[in-house]
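Chain residues, written in single-letter form:
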Amino acid sequence: MGPVRELCSADTMHMLEKCKQQASDTIEQESEHLYGLSQDIWREPELAYKEHSAHRLLTRFFSSRAWQVQEHYQLDTAFRAHWSSAPSACLHVAFLCEYDALPELGHACGHNLIAEVGAAAALGLRAAVESVAPTVQVKITVLGTPAEEEGGGKIDLIKAGAF
């Protein structure tokens, strides 16, 4: 028996298993959309600070799933999407989505996949939190972080107070 199982009651373990299953089910239900998102970003590689198509795809993706989205968050091609289970959440979890490409190589570093995985993780966590009663107080933020390859987009976001 692992250390978590030794510390948790049967009810807590049941709740955790339910949360994991709900996260997994939600990601599976969204898998075609997530894959499409990744492929659309991959097909149109954009360089640092010019990721307008990827930015638009990601902000529309989250907006269409009832997330509050700030489309141009501190940088023109950065965004912030958030969802909260309660007005004053006690736990704040963030996921980062990268989506810029390399000159001449496109998405050789897989930033289209990083965007897909960040989106999937955020959707899964939200679904898990929503499946718990009474409500767990959690805020989830997704930051779209452009210019990872050239330009230091995360550094610019740090300097602007995004983190």
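Our subject is the structure that appears above.
Each value, and the rule that gives it
- In every chain, residue numbers begin from 1 and rise along the written sequence.
- The predicted nature of this model means local features are confined to residues of pLDDT at least 70 and side-chain atom pairs, given and counted, to a pLDDT of 80 or more, with totals for whole chains, interfaces and linings taken over all residues.
- Derived side-chain values reflect all non-hydrogen atoms in the structure, with water molecules and hydrogen atoms excluded from consideration.
- Strands here are runs of E lasting at least two residues and helices are runs of H or I lasting at least four, both read from the DSSP assignment and numbered beginning at the N terminus.
- The buried label applies to any residue whose accessible area, calculated with a 1.4 Å probe on protein chains only, is under 20% of its type's maximum; exposed applies above 50%, and partly exposed to all values in between.
- Residue burial considers only the protein chains on display, and all accessible areas are found by Shrake-Rupley using a 1.4 Å probe.
- To define a nonpolar core, start from buried Ala, Val, Leu, Ile, Met, Phe, Trp, Tyr and Cys residues and group those joined through side-chain atoms within 4.5 Å.
- Contacts are assigned to residue pairs with any non-hydrogen atoms lying within 4.5 Å of each other.
- Patches draw on residues past 30% relative accessible area with no salt bridge. Two like charges within 9 Å are joined, as are two nonpolar side chains (Val, Leu, Ile, Met, Phe, Trp, Tyr) within 5 Å.
- What counts as a salt bridge is simple: a side-chain nitrogen of Lys or Arg found within 4 Å of a carboxyl oxygen of Asp or Glu.
- Strand pairing requires that DSSP identify at least two bridges connecting the strands.
- Axis angles are defined between N-to-C directions and span 0 to 180 degrees, where every axis is a line fitted to C-alpha atoms and, for a helix, only to the segment in contact.

Caption draft 1: Examining the overall build of the chain more closely. A tally of helices and strands in the chain yields six helices and four strands. Reported as C-alpha extents along the three principal axes, the dimensions of the chain are approximately 55 × 30 × 30 Å. Residue burial in the chain is summarised as follows: out of 163 residues, 44% are buried. Per element, the accessible surface of the chain, about 9,000 Å² overall, is 55% carbon and sulfur.

Caption draft 2: Region of the structure containing the nonpolar core. Ranked by size, the top nonpolar core spans 23 residues in total, and within it Phe62, Trp67 and Val142 carry the most contacts. At the level of secondary structure, the elements contributing two or more residues to this core comprise α3 (31-43), α4 (52-63), β2 (79-84), β3 (91-97), α5 (111-130) and β4 (138-144). Setting aside its immediate chain neighbours within four residues, Phe62 contacts Trp67, Val69, Phe79, Ala81, Ala119, Ala122 and Val142. One finds Tyr73, Leu75, Leu143 and Ala162 within the second-largest nonpolar core, a separate group that totals six residues.

Caption draft 3: Quick look at a nonpolar patch on the surface. A cluster of nonpolar residues, Leu96, Ile158 and Phe163, forms a patch on the protein surface that exposes about 290 Å² of accessible area. Tracing the backbone through its elements, the reader meets Phe163 in the segment after α6 (153-159).

Caption draft 4: Representation of unusual backbone geometry within the structure. One non-glycine residue, Ala66, adopts positive backbone phi at about 65 degrees. Considering the arrangement of structural elements, one finds Ala66 in the loop between α4 and β1 (68-70). Classification of Ala66 by relative accessible area gives exposed; the value is 57%.

Caption draft 5: Quick peek at the sheet that holds β1. Sheet architecture is open: four strands sit in the order β1-β2-β4-β3, paired in mixed fashion. Two strands bound the open sheet, and with one partner strand each, they are β1 and β3. On average, adjacent strands in this sheet sit at an angle of 20 degrees to one another, irrespective of strand direction. Examined bridge by bridge, β3 and β4 share seven bridges and lie parallel to one another. When the sheet's bridge partners are listed, Leu91 is paired in β4 with Val138. Contacts from α4 reach β1, β2 and β4, with the element oriented near 15 degrees to β2. Each of β2, β3 and β4 touches α5; the most contacted strand, β3, lies at about 155 degrees to it.

So, to be careful, I would describe these as geometric facts and stop short of saying anything about function.
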